[in-house]
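Single-letter residue listing:
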Amino acid sequence: QVQLVESGGGLVQSGGSLRLSCAASGIIFRICDMNWYRQAPGKERELVAGITFRFNTNYADSVKGRFTISRDNAKNAVYLQMNSLKPEDTAVYYCNTRMNGNAYWGQGTQVTVSS
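Residues numbered from 1 in each chain as written. Predicted model: local features only at pLDDT ≥ 70, side-chain atom pairs only at ≥ 80, totals over all residues. Heavy atoms only, no water.

Asker: What exactly am I supposed to notice about the state of the cysteines here?
Answerer: Note on terminology: disulfide describes a covalent bond linking the sulfur atoms of two cysteines. On inspection of all chains with the given rule, the structure shows one disulfide. The residue that forms a disulfide with Cys22 is Cys95, at a sulfur-sulfur distance of 2.1 Å. The sign of the S-S torsion, about -80°, decides the handedness of the disulfide formed by Cys22 and Cys95: left-handed. Of this pair, Cys22 sits in strand S3 (residues 18-25) while Cys95 is found in strand S9 (residues 91-99), placing the two residues 73 residues apart along the sequence. Across the pair, exposure class does not vary: Cys22 and Cys95 are buried alike. Unpaired in terms of disulfides, Cys32 finds its nearest cysteine sulfur in Cys95, a separation of 10 Å. Exposure remark for Cys32: the relative accessible area of 5% places this residue in the buried category. (Disulfide = S-S within 2.5 Å. Helix = DSSP H or I, 4+ residues; strand = E, 2+ residues; numbered from the N terminus. Buried < 20%, exposed > 50% of the residue type's maximum accessible area, 1.4 Å probe, protein only.)

In structure tokens form, the structure reads like this:
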């Protein structure tokens, strides 16, 4: 059974930082590409950052230079370091992976950035 469990969300002031974590189980983590998505109220879910099993990374233009995705294969974990947070980063952040044609999601963690 695939499980993705996010943590690390919270309330932070504009310009602050947060580090999100996602603990994965039920997958061969080291061969999985991992992603962070977010969904703000009334908006579509969007890809924030991704990291391949080869450690290649990609970012949404809106977060480039502020967010960093990383992974630790020994811990089956993926992280999202978020710096210089803005009110428009407020959203529920979800961990995601795909395996055997299926997409798997965590329950999400709320990030709220106050101005």
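Anyway, onward from the coordinates.
Asker: I tried to follow the nonpolar core on my own but got confused; where do I start?
Answerer: It is characteristic of soluble globular proteins that their nonpolar side chains tend to be buried jointly. Ranked by size, the top nonpolar core spans 29 residues in total, and within it Met34, Trp36, Val78, Leu80, Met82 and Tyr93 carry the most contacts. Only S3, strand S4 (34-39), strand S5 (46-51), strand S7 (67-72), strand S8 (77-82), S9 and strand S11 (109-114) provide two or more residues apiece to this core. Here this core takes four residues from S3, the largest share from any one element. (Core = buried A, V, L, I, M, F, W, Y, C linked by side-chain atoms within 4.5 Å.)

Asker: Is there a simple way to think about the pattern of salt bridges in this case?
Answerer: A side chain with one charge can pair with a side chain of the opposite charge if their charged atoms come near. Counted by the stated rule, this structure contains four salt bridges. A salt bridge links Lys64 to Asp61, with the nearest nitrogen and oxygen atoms 3.1 Å apart. Since its relative accessible area comes to 63%, Asp61 is described here as exposed. Here Asp89 makes a salt bridge to Arg66, at a shortest N to O gap of 2.7 Å. Of the two residues, Asp89 is situated in the loop between S8 and S9 and Arg66 in the loop between strand S6 (57-59) and S7; the sequence distance between them amounts to 23 residues. A single salt-bridge network, built from bridges that share partners, covers Arg38, Glu46, Arg66 and Asp89. (Salt bridge = Lys/Arg side-chain N within 4 Å of Asp/Glu carboxyl O.)

Asker: Can you help me understand the pairing of S11 in this one?
Answerer: On a regular strand, one side chain projects to one face of the sheet and the next to the other, so that they alternate. Side chains Thr109, Val111 and Val113 of S11 all project onto a buried face; the interleaved residues Gln110, Thr112 and Ser114 project onto a face where none is buried. Two strands pair when backbone bridges link them, and strand S2 (residues 10-13) and S11 are joined in this way by four bridges, in the parallel orientation. The residue of S11 that forms the bridge with Leu11 is Thr112. Sheet topology note: the S9/S11 ladder contains three bridges and is antiparallel. From the neighbouring strand, Tyr93 faces S11, where its bridge partner is Thr109. (Pairing = 2+ DSSP bridges.)

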